[in-house]
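# An overview of the molecular structure
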Amino acid sequence: PAATHKKEQSMSDESKSFSRLKELIEMVKHGTELNVSAQTGDLLPVVVAYNREHNELHMVQIAVEGSEQLARAIRTFLAEKDAASYALVIEGWATTFYEAAEAYDFEVSQMPADDRWEMIQILAVERDGVKQSYEAKIIRVGDERELGEWKEIHNYDGRFVITEW
């Protein structure tokens, strides 16, 4: 019984963690939809950090050159805010033509317009490693932009999946 209780407690904590992460994602999705429709230019990466102890949200736009500097800036921000979880919003280019992207040194923005599309990605991570990721295509109509449907990305892993800070 004691072991069973401990297991149930662990599952309950994981469930709470997942629920908080879903709430953070939904809030960030809504804010991103508003930002994309209000701005015609590219969005800067945005990090929203949640401090569980003080029940606080902290948000920052990060303007740095290169993904290594961005990852370092995110780690620093998360440590400063003693975050339990975070959501990262980034805008970029996507393609399904892997071999063609390789020919462009994976600079997808340099590929022909018909071979790529603009997208927003939201990555949400708990310090203990629980993570979720969503993406939406940016649709341009003249000077206006809007987001397509959000799609969950399963088993996402990459340089911005930061679980230690």
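Everything numeric in this text was worked out from a predicted model, so none of it was measured. (Residues numbered from 1 in each chain as written. Predicted model: local features only at pLDDT ≥ 70, side-chain atom pairs only at ≥ 80, totals over all residues. Heavy atoms only, no water.)

## Notes on the overall build of the chain
- Looking only at helices and strands, one finds 3 helices and 7 strands in the chain.
- Starting at the N terminus and ending at the C terminus, the chain contains elements arranged as α-β-β-α-β-α-β-β-β-β.
- Buried positions account for 35% of the 165 residues belonging to the chain.
- Intrachain contacts of the chain at a sequence separation of at least 6 include 59% that bridge at least 24 residues.
- When the accessible surface of the chain is summed, it comes to about 10,400 Å², and 48% of that surface belongs to carbon and sulfur atoms. (Helix = DSSP H or I, 4+ residues; strand = E, 2+ residues; numbered from the N terminus. Buried < 20%, exposed > 50% of the residue type's maximum accessible area, 1.4 Å probe, protein only. Contact = heavy atoms within 4.5 Å. Areas by Shrake-Rupley, 256 points an atom, 1.4 Å probe, with all protein chains shown as cover.)

## Topic: the pairing of strand S3 (residues 85-94)
- Most of S3 sits inside the fold, with 8 of its 10 residues counted as buried.
- The pairing of strand S1 (residues 46-51) with S3 spans 5 bridges and is classified as antiparallel. What sits directly across from Val-48, in S3, is Ala-87.
- For S3 and strand S4 (residues 117-126), the ladder comprises 10 bridges, and the chain directions are antiparallel. By the bridge assignment for S4, Glu-91 is matched with Ile-120. (Pairing = 2+ DSSP bridges.)

## Some thoughts on the pattern of salt bridges
- What the rule picks out here adds up to 6 salt bridges.
- Lys-29 serves as the salt-bridge partner of Glu-26, at 3.3 Å between the closest nitrogen and oxygen. Of this pair, Glu-26 and Lys-29 both sit in helix H1 (residues 2-38), separated by 3 residues, roughly a single helical turn.
- For Glu-26, a relative accessible area of 42% corresponds to the partly exposed category.
- A residue is classified by how much of its surface remains accessible, and Lys-29, at 9% relative accessible area, is buried.
- In this structure, Arg-52 engages Glu-126 in a salt bridge whose closest nitrogen and oxygen atoms are separated by 3.0 Å. Separated by 74 residues along the polypeptide, Arg-52 in the loop between S1 and strand S2 (56-61) and Glu-126 in strand S4 bring together distant segments of the chain.
- A relative accessible area of 38% places Arg-52 in the partly exposed class.
- For Glu-126, a relative accessible area of 2% corresponds to the buried category.
- Each of Glu-91, Glu-118, Arg-140 and Arg-145 takes part in salt bridges that share partners, so that together they form one network. (Salt bridge = Lys/Arg side-chain N within 4 Å of Asp/Glu carboxyl O.)

## Brief notes about the layout of surface pockets
- The computed volume of the largest pocket comes to approximately 1,300 Å³.
- Surrounding the largest pocket, 32 residues form its lining, Ile-90, Glu-91, Gly-92, Trp-93 and Phe-160 being those nearest its centre.
- Going through the elements one at a time, helix H2 (67-80), S3, helix H3 (98-103) and S4 are the ones with two or more residues in the lining of the largest pocket.
- If one sorts the elements of the lining of the largest pocket by residue count, S3 sits on top with 5 residues.
- Of the residues assigned to the lining of the largest pocket, the class counts are 18 nonpolar, 7 polar and 7 charged. (1 Å grid on protein atoms, 1.4 Å probe; cavity = no way out; pocket = protein on both sides within 12 Å on 5 of 7 lines; lining within 4 Å. Points joined across faces, edges and corners; volume = space filled by probe spheres on them. Nonpolar A, V, L, I, M, F, W, Y, C, P; charged D, E, K, R; others polar.)

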